[in-house]
Amino acid sequence: MAFQNELFPSVKLVHGVAKSILDPVAIVSNGNTEYRIKRNRYERYQWLIPSNNITDEDKVTISGFLADKDYALDSFKFQDPDLPRLDNAKLGYDNASDWFFNIPYDENTPGKHRVFHSDNLVVTVDGGPAPFGWSLATNSSGNPVIHITSVFDGSDVRVTGDIYFVVRLDSTIGWSIKAVDGVNEPTIVGYSELKLIEVFE
């Protein structure tokens, strides 16, 4: 398995896409005491994409794209229809001149969901451009950060730009076909629901 730095086809997906946050907790109880075990370190997103509003041409494009990724074997980039970009998102302080590159909970509360892939970023410090420049990096724990030279805790750091999630296929691919007017030329009439799940690669 590997990450392929390619973006899922840009097709009309917004009708009926369902997004979930997965953060399972296993619960074991002896009837008296309950033990809760969380195996995942971070929450991850999952998208269910119905096919009823996708054109036949786009279905073929998607099927070819997923086949190129060996279906569930390789991961790829996906732009969430619900959250395609950050807009003046507040970042939380890590240490030194590093700021966690995470999705905020709201406009004034930094979040914990990590962002590994982005484009066209604009970073501001206290309402203006970063004075000495910035760069993307990862900290010692492997978390994505934005390194902003000589900017430390107490500043108001925000970021705007497109973001992408790394996902893999989490379902099977299938369809039903029919012949039109007795001519043996198949037309796709039913395409399976696509399920994509976030991975951290």
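Above this text sits the structure in question.
Residues numbered from 1 in each chain as written. Predicted model: local features only at pLDDT ≥ 70, side-chain atom pairs only at ≥ 80, totals over all residues. Heavy atoms only, no water.

Engineer: Before we go on, may I ask you to explain the overall build of the chain in this structure?
Structural biologist: Scanning the chain for helices and strands turns up 1 helix and 19 strands. In terms of overall size, the chain is more extended than a compact globule, its C-alpha atoms giving a radius of gyration of 21 Å where 201 residues would be expected to give roughly 17 Å. Here the C-alpha coordinates of the chain stretch approximately 70 × 55 × 30 Å along the principal axes. Classification of the 201 residues of the chain by burial places 37% in the buried group. Considering only contacts in the chain between residues 6 or more positions apart, those separated by 24 or more positions represent 69%. Accessible surface for the chain amounts to roughly 11,300 Å². Of this, 49% is attributable to carbon and sulfur atoms. Between the averaged position of the 18 positive side-chain charges in the chain and that of its 28 negative side-chain charges there is a distance of 6 Å. (Helix = DSSP H or I, 4+ residues; strand = E, 2+ residues; numbered from the N terminus. Rg over C-alpha atoms; globule rule 2.2 N^0.38 Å. Buried < 20%, exposed > 50% of the residue type's maximum accessible area, 1.4 Å probe, protein only. Contact = heavy atoms within 4.5 Å. Areas by Shrake-Rupley, 256 points an atom, 1.4 Å probe, with all protein chains shown as cover. Lys, Arg positive; Asp, Glu negative; His and termini not counted. Charge placed at Lys NZ, Arg CZ, Asp CG, Glu CD.)

Engineer: Can you help me understand empty space enclosed by the protein in this one?
Structural biologist: Counted by the stated rule, this structure contains 1 cavity of 30 Å³ or more. As a volume, the largest cavity reaches approximately 50 Å³. Here the lining of the largest cavity takes 3 residues from strand 16 (residues 157-169), the largest share from any one element. Of the residues belonging to the lining of the largest cavity, the class tally is 7 nonpolar, no polar and 3 charged. (1 Å grid on protein atoms, 1.4 Å probe; cavity = no way out; pocket = protein on both sides within 12 Å on 5 of 7 lines; lining within 4 Å. Points joined across faces, edges and corners; volume = space filled by probe spheres on them. Nonpolar A, V, L, I, M, F, W, Y, C, P; charged D, E, K, R; others polar.)

Engineer: Would you take a moment to explain the packing of aromatic side chains for this structure?
Structural biologist: Two aromatic rings, taken as a pair, are described by how far apart their centres are and by the angle between their planes. All told, the structure shown has 11 aromatic pairs when counted by the stated rule. For the ring pair F8 and F78, a centre distance of 5.7 Å and an interplane angle of 70° mean the geometry is edge-to-face. Here F8 is found in the loop between strand 1 (3-7) and strand 2 (18-22), whereas its partner F78 is found in strand 6 (residues 75-78), with 70 residues between them in sequence. The class for F8 is buried, based on a relative accessible area of 4%. Between the aromatic rings of Y45 and W47, the centroid separation amounts to 6.0 Å while the plane-to-plane angle is 80°, which identifies the pairing as edge-to-face. One exposure class covers both Y45 and W47, and it is buried. Ring-pair connections join several aromatic residues into one group, and the members of that group are F8, Y45, W47, F65, F76, F78 and F165. The ring of Y164 carries the charged tip of K77 above its face, separated from the ring centre by 4.9 Å. The ring of Y42 is capped by R114, whose NZ or CZ atom sits 3.8 Å from the centre of that ring. (Phe/Tyr/Trp six-rings, centres within 6.5 Å; stacked < 30°, edge-to-face > 60°. Lys NZ or Arg CZ within 6 Å of the ring centre and 35° of its normal.)

Engineer: Looking at this structure, how should I read the sheet that holds strand 15 (residues 144-148)?
Structural biologist: Strand pairing in a sheet relies on backbone hydrogen bonds. The paired strands run either parallel or antiparallel. The 4 strands lie next to each other as 8-9-15-14, forming an open sheet whose pairing is antiparallel. Pairing within the sheet leaves two strands with one partner each, and these edge strands are strand 8 (92-95) and strand 14 (134-138). Between one strand and the next, the sheet's axes are offset by a mean angle of 40°, whatever the strand orientation. (Pairing = 2+ DSSP bridges. Axes fitted to C-alpha atoms, helices over the stretch in contact; angles between N-to-C directions.)

Limitation: the analysis is restricted to geometry and does not speak to function.
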